[in-house]
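# Structural features, examined
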Amino acid sequence: MKRQIFTAVLATETNTFSPIRVDISAFEASMLARPGEHPDTPTLCSAIIPVGREVAEIHGWDLVEGTAAWADPAGLLNRDTYERLRDEILAQLQAALPVDAVALGLHGAMVADGYDDPEGDFLDGVRALVGSAVPIFATIDPHSHLTKRRVAAANLLIAFKEFPHTDFVDRAEDLWRLLALRLQGTISPVMAVHDCKMIDVFPTSTQPMRGYVDRLYELEASDARILSISVIHGFMAGDVPEMGTKLLVVTDDNADFGTSLAKELGDNLYALRGKVRSPEVTPAEALAIAEHSRTHPVVIADVWDNPGGGTAGDATVILAEAMRRGTRGIAFGSIWDPLAVQICIAAGEGAELALRFGAKSAPGTGDPVDAAVRVVRCLRNAQQTFGGGPVPMGDAALVDFNGIEVILNSTRAQCFDTSLFRIFGIDPQQRRILVVKSTNHFYASFSQISSKILYCSAGSPYPNDPRTTPYQKAPQDIWPINER
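Anyway, here's the lowdown on the structure attached to this text.

Cut-offs used in this document
Sequence positions are assigned chain by chain, starting from 1 and proceeding in written order. The predicted nature of this model means local features are confined to residues of pLDDT at least 70 and side-chain atom pairs, given and counted, to a pLDDT of 80 or more, with totals for whole chains, interfaces and linings taken over all residues. Side-chain descriptors were evaluated using all non-hydrogen atoms of the structure, hydrogens and water having been removed beforehand. The pairing criterion is simple: DSSP has to find at least two bridges between the two strands. Secondary structure follows DSSP: runs of H or I at least 4 residues long count as helices, runs of E at least 2 residues long count as strands, and numbering of each begins at the N terminus. Angular values range over 0 to 180 degrees, each being the angle between N-to-C directions of two axes fitted as lines to C-alpha atoms, with helices fitted over their stretch in contact. Residues are treated as being in contact if the distance between any of their heavy atoms lies within 4.5 Å. Pairs of N or O atoms are called polar contacts if they sit within 3.5 Å, as long as, within protein, a hydrogen donor faces a hydrogen acceptor (for residues adjacent in sequence, only side-chain-to-side-chain pairs). Ring pairs are drawn from Phe, Tyr and Trp, using the six-membered ring of Trp, whenever the two centres fall within 6.5 Å, and their geometry is named by plane angle: stacked under 30 degrees, edge-to-face over 60, tilted for the rest. Per-residue accessibility, obtained with a 1.4 Å probe over protein chains only, is compared with the maximum for each type, and a residue is labelled buried under 20%, exposed over 50%, and partly exposed between these values. Definitions used throughout: a 1 Å grid over protein atoms alone; a cavity as a set of points that fits a 1.4 Å probe which cannot get out; a pocket as an open set with protein on both sides within 12 Å along at least five of seven lines; a lining residue as one with an atom within 4 Å of a point. Grid points are joined across faces, edges and corners, and a volume is the space filled by probe spheres set on the points. Only Asp, Glu, Lys and Arg are considered charged in this grouping, and only Ala, Val, Leu, Ile, Met, Phe, Trp, Tyr, Cys and Pro are considered nonpolar; every other residue, Gly among them, is considered polar.

## Some thoughts on the sheet that holds strand 2 (residues 31-33)
- Taken in spatial order, the six strands line up as 2-3-1-4-5-6 in an open sheet, and their pairing is mixed. The two strands at the open ends of the sheet, each matched to only one other strand, are strand 2 and strand 6 (156-159). Across the sheet, the mean angle separating the axes of adjacent strands is 15° when strand polarity is ignored.
- Across four bridges, strand 4 (residues 101-106) lies against strand 5 (residues 136-140) in parallel orientation. Bridging across to strand 5, Leu104 finds its partner in Ala138.
- Contacts from helix 3 (residues 79-96) reach strand 1 (4-11), strand 2, strand 3 (62-70) and strand 4 within the one sheet, and its direction differs from that of strand 1 by about 175°.
- Sitting on the sheet, helix 6 (residues 168-184) touches strand 1, strand 3, strand 4, strand 5 and strand 6, and the angle it makes with strand 5 is about 170°.

Below, the structure written as structure tokens:
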């Protein structure tokens, strides 16, 4: 008799301090694929489905696909939207019963109105339907909140190891490999968690996190007792009771060893606190360094106006400094302003007009820019790529003025890849300076064309210093909140 496996995706990342609220339209703009509609291309949290199709074919399983729902990071999720999507997937699961296993793609930092732990609530619903004997496996983003409720409801959770998250397909493959072994009865996963009592930013593209993560890979490969090790970075913009960094070790039925290893690795990570975050410069410093650089392009990351962290992506602080300095040969990717995009599309390519754009979402994003611009290119339903998959940007336009190029987009999205510039006809290697709105996901692509990457702290659209962030629910005994 064929095994029947149910799979679905319910994911978004919630910056509880962001003014951008999320309803069903945000999922429709990013990804809302009903059963069977998910594309073959894997994308972050939803990689679980296309990878699962390949594995199910190999093993001769029946893969029952539920809804795949993903919304780009933003603020609080509308309660009705969460409950509708949750109940939609649970109804699909109930209709598929009995199933031999459940494989889910989650993010782990979702917060909905009335729900501090939606993923825990969702997993409880899944467990209630399938019973205690059916394995529930899920992939999660490391920028998440690993709650006790989720650990109790699931049998195995695996987080992406890399930041930027270039390994989302690898981790989906890990999950399906381990699920196959679990169904064969050759492994019995047991999860152990250590609370590191801290919150920080952990880019794995540079040391010391590069070496730390490489050690995790080595441990997984060399010790048969270990099924998986995940660093849960935590998400400092999520004001929830269990926010913080945690170590998750999954062993083959060896709880004591898992607990001991999780503590050892967690203590090692705690010793790196305050030493892992990339050094940040001011807008003036970043532009001065870039202007005097002998190599180009110089990439400036506007790290704290990153739509991937739930901000609007419409801050103009670096742009205003570039205008003040008269910087030329600089391209910005991108600034979110749906109204400005509509105006540019209506005007048409080649049109010249007075345009006001940017800085509409919140305090700390700078002031709107007024400029006499030329509309260079307009794109409907523009898409950049990430890991080979499409990332929607909505309708978009490229404008230029005084040696400055600015991409305007209508669907919030951070800059993942140099394709963001190329789709508008910009060769990024021919620009002196590229400004991207991203914390670190841009790095894998842009480091291939630039030897000088600067991380810039500009304005305050994102709560990036836990010492001053006005948390109401987050634990107060973790570093560096406890240094207030």
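## Focus: the side chain of Ser46
- In this structure, Ser46 sits in the loop between strand 2 and helix 2 (48-59).
- Engagement of the side chain of Ser46 in a polar contact is seen with the side chain of His38, the distance being 2.9 Å.
- When near neighbours in sequence (up to four residues on either side) are disregarded, Ser46 contacts Val9, Met31 and His38.

## A few points about the packing of aromatic side chains
- Under the criterion given, the structure shown has 12 aromatic pairs.
- Aromatic side chains Phe17 and Tyr471 sit 5.9 Å apart centroid to centroid with 70° between the ring planes, which places their arrangement in the edge-to-face category. Taken together, the residues Phe17 in the loop between strand 1 and helix 1 (24-30) and Tyr471 in the segment after strand 18 (452-456) connect sequence positions 454 residues apart.
- In this structure Phe17 comes out as partly exposed when scored by relative accessible area, which is 29%.
- You can call Tyr471 buried: its relative accessible area is 5%.
- Ring geometry for Trp304 versus Tyr462: centroids 5.3 Å apart, planes at 20°, classification stacked. With a gap of 158 residues between them, Trp304 in the loop between strand 11 (298-302) and helix 10 (317-325) and Tyr462 in the segment after strand 18 connect regions that are remote in the sequence.

## A short note on the layout of surface pockets
- Within this model, the largest pocket holds a volume of roughly 390 Å³.
- In terms of lining residues, the largest pocket is bounded by 24 residues, among which Ser30, Met31, Trp70, Pro390 and Pro392 are the most central.
- Secondary-structure elements contributing two or more residues to the lining of the largest pocket are helix 1, strand 2, strand 14 (369-386) and strand 15 (389-401).
- A breakdown of the residues in the lining of the largest pocket according to their chemical character gives 15 nonpolar, seven polar and two charged.

Functional significance is not addressed by these values, which are geometric in nature.
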